[in-house]
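Summary of structural features
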Amino acid sequence: MFDASNSLLTSITRRAGLAVLLATTFAVVGLTAPPSFAEDKKAIKVGIISGEDEDVWRVVTAEAAKKGLTIETVVFNDYTQPNEALERGEIDANAFQHKPYLDNQIKTQGYHIVPVGYTGVWPIGLYSKKFTKVADLPEGAVIGLPNDPSNEGRALHVLQNEGVIKLKDGTGILATTADIAENPKKVEIKELDAGIVGRSVEDLDAAVVNTDWALKSGLGPENRIAQEPVADNPYRNFIAVKAGNENEAWVKTLVASYQNETVKAEFDKVYKGTGISAY
C-alpha cells in the first residue's frame, strides 16, 4: 500500500540530502578553485645589508607608512644572501646591488630578478694607511681587491685608471686578474671577500674597498688615495623585485618611498658624501 506520509518523509530526506551534497560540493569547489587576484600588498619584506643603510631604511619605512605600505626590513650580513632570499620568495624586494653584480648573479644562479628604482652610488676607492699617493706605492706592493666578479673588475679598472696596471684591450667590467696585460710595479694582488678587504688594510700596502665597507672598516677620505669616476658610473644601486612584479602598485609605492627629499637628506647625513643619491 502506498504510504503518503512515508513518501513525504522520503522526499524530504532526499531533498535534504541533495541540499547537503550540493553545499558540500560548492564548499569543495570553493576550496580548490583557482584563487582570484589578491588585493595589492599592504605589507612587504625588504632585504638590506647591515650597517648605515639600516638608518636610511628606517626613514623609507616611515615614508611608506604614510602611503599605506608597511615595510619590514630583513637585514643580511653579506652580498650573497639577499638575492637568494628574494628568489625563494622569503622577501618581496631587496636593495643592495648594482647591475653588473645582478647580471652576474643571474648568469651564474639563474635568478629571475629585475631592478625597479635606483637608490645611490658609492664610488669605489683605493685606500691606504701607509701611503698618501698612488705614486708612492713601492714595487711589489701588496694590494687587496674584493673577490666577487663584478667588484673585482671594478677594482682592477681603478688600478688601471691610476696607471698601476694595464688590462688587455677590450677588457670589460667583469675583468679578472687574468686580464692584466702589464704590471710595471709588479704589484701583488690579494683577492679577498668584499667584507674583509677593508678590515685588512693594516696588513696591506693598499686595498680597493667598496665605500659602504670602507665606512664599516673605519676608513675615511683621509685614507683614500684614488677613486673611480662618478660621471656615467654603471654601478648605481637599486631596489629589485622578482620578475613579474615590477608593475605592481606596491612596487611603485616602495620606490616612491625611497626616492624623495626626506630620504635623500637622511642618506646624505648617514653616508657623509661617500655615497651619492642616484635617482
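This structure is a prediction, so every number in the text was calculated from the model and none was measured.

This part takes up empty space enclosed by the protein. Applying the stated criterion to the full structure yields one cavity of 30 Å³ or more. Of the pockets and cavities examined, the largest cavity occupies roughly 290 Å³. The wall of the largest cavity is formed by 22 residues, among which Y79, F96, W122, D212 and N237 lie closest to the centre. Counting only elements with at least two residues in the lining of the largest cavity, the list comes to α2 (52-66), β3 (93-98), α5 (149-161) and α7 (211-216). It is β3 that contributes the most residues to the lining of the largest cavity, four residues altogether. Of the residues belonging to the lining of the largest cavity, the class tally is ten nonpolar, eight polar and four charged.

So, about the sheet that holds strand β1 (residues 43-49). The mixed open sheet is built from five strands, whose spatial order is β2-β1-β3-β13-β4. At either end of the open sheet lies a strand with only one pairing partner, and these are β2 (70-76) and β4 (113-118). For this sheet, the mean inter-axis angle between neighbouring strands, taken without regard to orientation, is 35°. Judged from the five bridges that link them, β3 and strand β13 (residues 237-242) form a sheet pairing that is antiparallel. In the strand pairing of β13, H98 is matched with N237. Of the strands in this sheet, β1, β2, β3 and β13 are in contact with α2, which crosses β2 at around 165°.

On to the confidence of the model for the protein chain, then. On average, residues of the protein chain score 87 in pLDDT, and 86% of them are at 70 or above. Under a pLDDT of 50 for its full length, residues 1-38 has, in the predicted model, one contact with residues more than four places off or in other chains.

The subject of this paragraph is the pattern of salt bridges. This structure, assessed with the given rule, holds twelve salt bridges. The salt bridge partner of E228 is R154, with a shortest N-O separation of 2.5 Å. Placement of E228 in the loop between β12 (224-227) and β13 and of R154 in helix α5 is noted, with a sequence separation of 74 residues between them. We note that E228, like R154, is buried.

So, on to unusual backbone geometry. Residues other than glycine seldom take positive phi values, yet K186 does so here, at roughly 50°. Mapped onto the elements of the fold, K186 is located in the loop between β9 (180-182) and β10 (188-192). Look at K272: it is not a glycine, yet its phi comes out positive at around 50°. Among the secondary structure elements, K272 is positioned in the loop between α9 (261-271) and β14 (276-277).

So, about the sheet that holds strand β11 (residues 206-209). In spatial order, the strands read β10-β7-β11-β6-β12; together these five strands make up an open sheet with mixed pairing. At either end of the open sheet lies a strand with only one pairing partner, and these are β10 and β12. The average undirected angle you get between the axes of adjacent strands in this sheet is 25°.

So, about α5. If you check α5, its first and last C-alpha atoms are 19 Å apart, about what 13 residues at 1.5 Å a residue would give, namely 18 Å. For α5, every residue scored as buried is listed here: S150, N151, E152, G153, R154, A155, L156, V158 and L159. G163 sits one or two residues past α5 and shows a positive phi near 80°.

Those residues of helix α3 (residues 81-88) not exposed but buried are P82, N83, A85 and L86. The buried residues of α3 occupy an angular sector of 160° when the element is viewed end-on, so they sit on one face. Turning to α3, the residues buried within the fold contact β1, β2, β3, α4 (99-109), β4 and β13. The positive-phi residue at the C-terminal boundary of α3 is G89, with phi of around 85°.

Here we come to the packing of α2 against helix α8 (residues 249-258). For the pair α2 and α8, interaxial distance at closest approach is 8 Å and the crossing angle is 125°. With respect to α8, the axis of α2 lies oblique. Relative to α8, the crossing made by α2 is right-handed. For the pair α2 and α8, contact is made by V56, W57, V60, E63 and A64 and by L254, S257 and Y258, respectively.

Before going further, it helps to examine the packing of aromatic side chains. Summed over the entire model, instances satisfying the criterion amount to ten aromatic pairs. Relative to F96, the ring of Y79 lies with its centre 6.1 Å away and its plane at 25°, an arrangement referred to as stacked. Residue Y79 is found in the loop between β2 and α3, and its partner F96 is found in strand β3; the two are separated by 17 residues along the sequence. A relative accessible area of 11% means that Y79 is categorised as buried.

So, how was this worked out
- Throughout this document, residue positions are counted from 1 along each chain, in the order its sequence is written.
- Restriction of local features to residues with pLDDT of at least 70 applies here, the model being predicted, together with a cutoff of 80 or more for giving and counting side-chain atom pairs; totals for whole chains, interfaces and linings are based on all residues.
- Calculated side-chain values reflect all of the structure's heavy atoms, with hydrogen atoms and water omitted.
- Both cavities and pockets are sets of points on a 1 Å grid over the protein atoms alone; in a cavity a 1.4 Å probe fits but cannot get out, in a pocket the set is open with protein on both sides within 12 Å along at least five of seven lines, and lining residues sit with an atom within 4 Å of a point.
- Grid points are joined across faces, edges and corners, and a volume is the space filled by probe spheres set on the points.
- Each helix corresponds to a stretch of at least 4 residues labelled H or I by DSSP, and each strand to a stretch of at least 2 residues labelled E; elements are numbered beginning at the N terminus.
- Amino acid classes used here: Ala, Val, Leu, Ile, Met, Phe, Trp, Tyr, Cys and Pro are nonpolar; Asp, Glu, Lys and Arg are charged; the rest, including Gly, are polar.
- Pairing between two strands is assigned when DSSP locates at least 2 bridges connecting them.
- The axes are straight lines fitted to the C-alpha atoms, using for helices just the contacting stretch, and the angles between their N-to-C directions are given from 0 to 180°.
- Contacts between residues were defined by any pair of non-hydrogen atoms, one from each residue, lying within 4.5 Å.
- The predictor's confidence in any single residue is recorded as pLDDT, a number from 0 to 100.
- Salt-bridge detection follows one rule: a side-chain nitrogen of Lys or Arg within 4 Å of a carboxyl oxygen of Asp or Glu.
- A simple rule labels every residue: compare its accessible area, found with a 1.4 Å probe on the protein chains alone, to the largest value its type can have, and call it buried under 20%, exposed over 50%, or partly exposed in between.
- Each residue after the first adds 1.5 Å to the expected span of a helix.
- Taken from the helix axis, the directions to the C-beta atoms give the arc we talk about.
- Comment on the angle field: the value is read as roughly parallel under 35 degrees, roughly antiparallel over 145, roughly perpendicular from 65 to 115, and oblique elsewhere.
- Two helices that cross are described as forming a left-handed crossing if the nearer one is turned anticlockwise from the farther one by less than a right angle, and a right-handed crossing if clockwise.
- For Phe, Tyr and Trp, rings pair up if their centres lie within 6.5 Å, where Trp contributes its six-membered ring, and each pair is then called stacked (planes under 30 degrees apart), edge-to-face (over 60) or tilted (otherwise).

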